[in-house]
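What follows is each chain in one-letter form.
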Amino acid sequence: MTTAIRPYQAVFRARFNLLLQYRAAALAGFGTQCWWGAIKIMVLAAFFRGAGSTPMTLKQAIDYIWLAQALLTLLPWSVDPDVARMVRSGDVGYDRLRPLDTYGFWYARAVARRTATPLLRAIPMVLTAGVVLPVLGASDWALSPPAGWNAALLFTVSLVLVVALAAAVATLMEIITVAALSERGVNMIMGGVIIVFSGNLVPLPLLPDWLQPFLQLQPLAGLLDTPLRIYSAHLVGAAAVTALVRQVLWVLVLVGIGRVAMARVMARLQAQGG
Amino acid sequence: MNALRLYGRYVAVSWRAQMQYPGAFIATSIGAFGATVVDFIAIWALFARFRQIEGWRFHEIALFYGVVSVAFAVADALTRGFDIFGPQFVKTGDFDRLLVRPRSTVLQLMGYELRATRIGRLAQGMIAWGVGMHFSGIDWTWNAWATLLFAVAGGAALFCGILVLQATLAFWTVESLEIANTLTYGGVEAAQYPLDVYARWFRNFLIFVVPLGCVTYFPVAAALGRADRTGLPEWLLPLTPVFGFLFLAVALRVWRFGVRRYTSTGS
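Below, the structure is looked at part by part. Please read these numbers as outputs of a predicted model, since none were measured by experiment.

So, about the overall build of chain A. When helices and strands are counted, chain A shows twelve helices and zero strands. Taken from the N to the C terminus, the helices and strands of chain A come in the order α-α-α-α-α-α-α-α-α-α-α-α. Relative to the compact-globule value of 19 Å for 274 residues, chain A shows a C-alpha radius of gyration of 20 Å, a close match. Projected onto its principal axes, the C-alpha positions of chain A cover 60 × 40 × 40 Å. Classification of the 274 residues of chain A by burial places 52% in the buried group. Partitioning the contacts of chain A with sequence separation of at least 6, the portion at a separation of at least 24 is 80%. Surface summary for chain A: the accessible area is close to 12600 Å², and the carbon and sulfur share equals 69%. Seen as two clouds, the 21 positive and the 11 negative side-chain charges of chain A have centres 4 Å apart.

For the rest of this paragraph, the subject is the packing of helix α8 (residues 149–180) of chain A against helix α12 (residues 237–267) of chain A. Residues and elements named next belong to chain A. The contact between α8 and α12 brings their axes to 9 Å, and the two run at 20°. Accordingly, the angle class assigned to the pair α8 and α12 is roughly parallel. Here α8 and α12 pass one another in a crossing that is left-handed.

The next subject is a nonpolar patch on the surface. Together, L119, I123, L127, V131, V132, V135 and L136 of chain A line one region of the surface with nonpolar side chains, adding up to about 680 Å² of accessible area. Relative to the assigned elements, L136 of chain A resides in the loop between α7 (116–135) and α8.

The next point concerns the state of the cysteines. Residue and element names in this part refer to chain B. Inspection of the entire model under this criterion finds zero disulfides over all chains. In this structure C214 is not part of a disulfide, and its nearest cysteine sulfur, from C160, lies 17 Å away. On the basis of relative accessible area, C214 is assigned to the buried category, the value being 5%.

Calculation criteria
- Residues numbered from 1 in each chain as written.
- Chains lettered and ligands numbered in written order.
- Predicted model: local features only at pLDDT ≥ 70, side-chain atom pairs only at ≥ 80, totals over all residues.
- Heavy atoms only, no water.
- Helix = DSSP H or I, 4+ residues; strand = E, 2+ residues; numbered from the N terminus.
- Rg over C-alpha atoms; globule rule 2.2 N^0.38 Å.
- Buried < 20%, exposed > 50% of the residue type's maximum accessible area, 1.4 Å probe, protein only.
- Contact = heavy atoms within 4.5 Å.
- Areas by Shrake-Rupley, 256 points an atom, 1.4 Å probe, with all protein chains shown as cover.
- Lys, Arg positive; Asp, Glu negative; His and termini not counted.
- Charge placed at Lys NZ, Arg CZ, Asp CG, Glu CD.
- Axes fitted to C-alpha atoms, helices over the stretch in contact; angles between N-to-C directions.
- Parallel < 35°, antiparallel > 145°, perpendicular 65-115°, else oblique.
- Left-handed = near helix turned anticlockwise from the far one by under 90°.
- Patch = residues over 30% accessible without salt bridge, like charges linked within 9 Å, V, L, I, M, F, W, Y side chains within 5 Å.
- Salt bridge = Lys/Arg side-chain N within 4 Å of Asp/Glu carboxyl O.
- Disulfide = S-S within 2.5 Å.

Right under this line is the structure:
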């Protein structure tokens, strides 16, 4: 068992350490996220001031926005540039020569990409929004603690599932890149799709009511919306557990699709370069 | 050859270069359109839920958004050379080549590329603008048009100024700093809503430090007949985009200072 997973562990660790190097980029990104979060919260607060009943409270919406900013780099916005380069240069052929399951190899790499950078970005953001803001006297705008021990526990489980789901989506995007020989089209489409359907653009519960049944069923809700609503007790009890099950199901479905697609694409792989 | 004709030459060359790949041009433009239309979806969705924001209606926000988007699209298309100045010119030492030519560095960087694909953002902004005007039910006079067009010009100047400052920073940091995005893309995000929805400190920042409010909020509010919301005399509002040009002038001053203390990194 241990020898079987060791190569995947090694891929993960090497990747993780590499990604931790980009500290300056993380700092710039952190500034950008604070700024963006502040604007979004001020605008939402202004909308809420004139509203009657709303599908979520302002407090819940504020938590949602800060956490969405904190988890920004967790989402599969674009194809791993290294994979894009491999496809362009034909080096993707080398990955086929390794005595490993290519899907598992790529999936492990995608998981690493979704844990190292996001960790660096999330911690300062959570500390700023959750600790510094209340100290400065802006508690109304701050990130509150989880709604309870139950919420905290389910939130943690959901976050792990987010990583699994995000890596499955990312691997699928990489497989499409191999088939299309270019990452451009995938990046162009997925950026917009993810920002809308994960809840990063506007918290999903605030989107029109007639869209809600669809929004909750589609896979990308599990990338952001599910853990964030559990965190602030917008999703509790059976509804929260159902949402977690839905995350698991989508991970299984997308990994399954990814495996089938990879087998098909790799069967007629054209390696570029020369 | 005078500067304007030379710039025309630059533009023609850049256009021809980009039209070598018409398919890529069309695809990238459509992609830019799609990526920016997401912002407008957010506005639409929030208004579908809340109906109004502090008494402002959907069509008014659409006009704010349209004006600031068009202004940024114009600036973004013009200033590609400044945008990638750090990695493309400072890091490589290529800026030395610009310095030995008998033309101003600003002209040469402006001429580096006219980004035609920004037509995607431009089109998107114009649609929002049209939506805003159409549903306002206002009889648009020449005066109001002039106010809006001056706002776009001032806004484009302001965004150009921000990009020039971003490039100037590269003299010290070598790399381009992503943080300037907070003022360009983040500026578009902030200026699409009227300033009176924001907290006081943020409002003051957007008027006195980076005068985004002067190039969009004041003139557009005047054009919409909502001058009362701004707390300023009505005759003053259409004139405030002047501060966009002033910001650009200051930015170019700082740029000249940066150029003077530039030391080459090339080998």
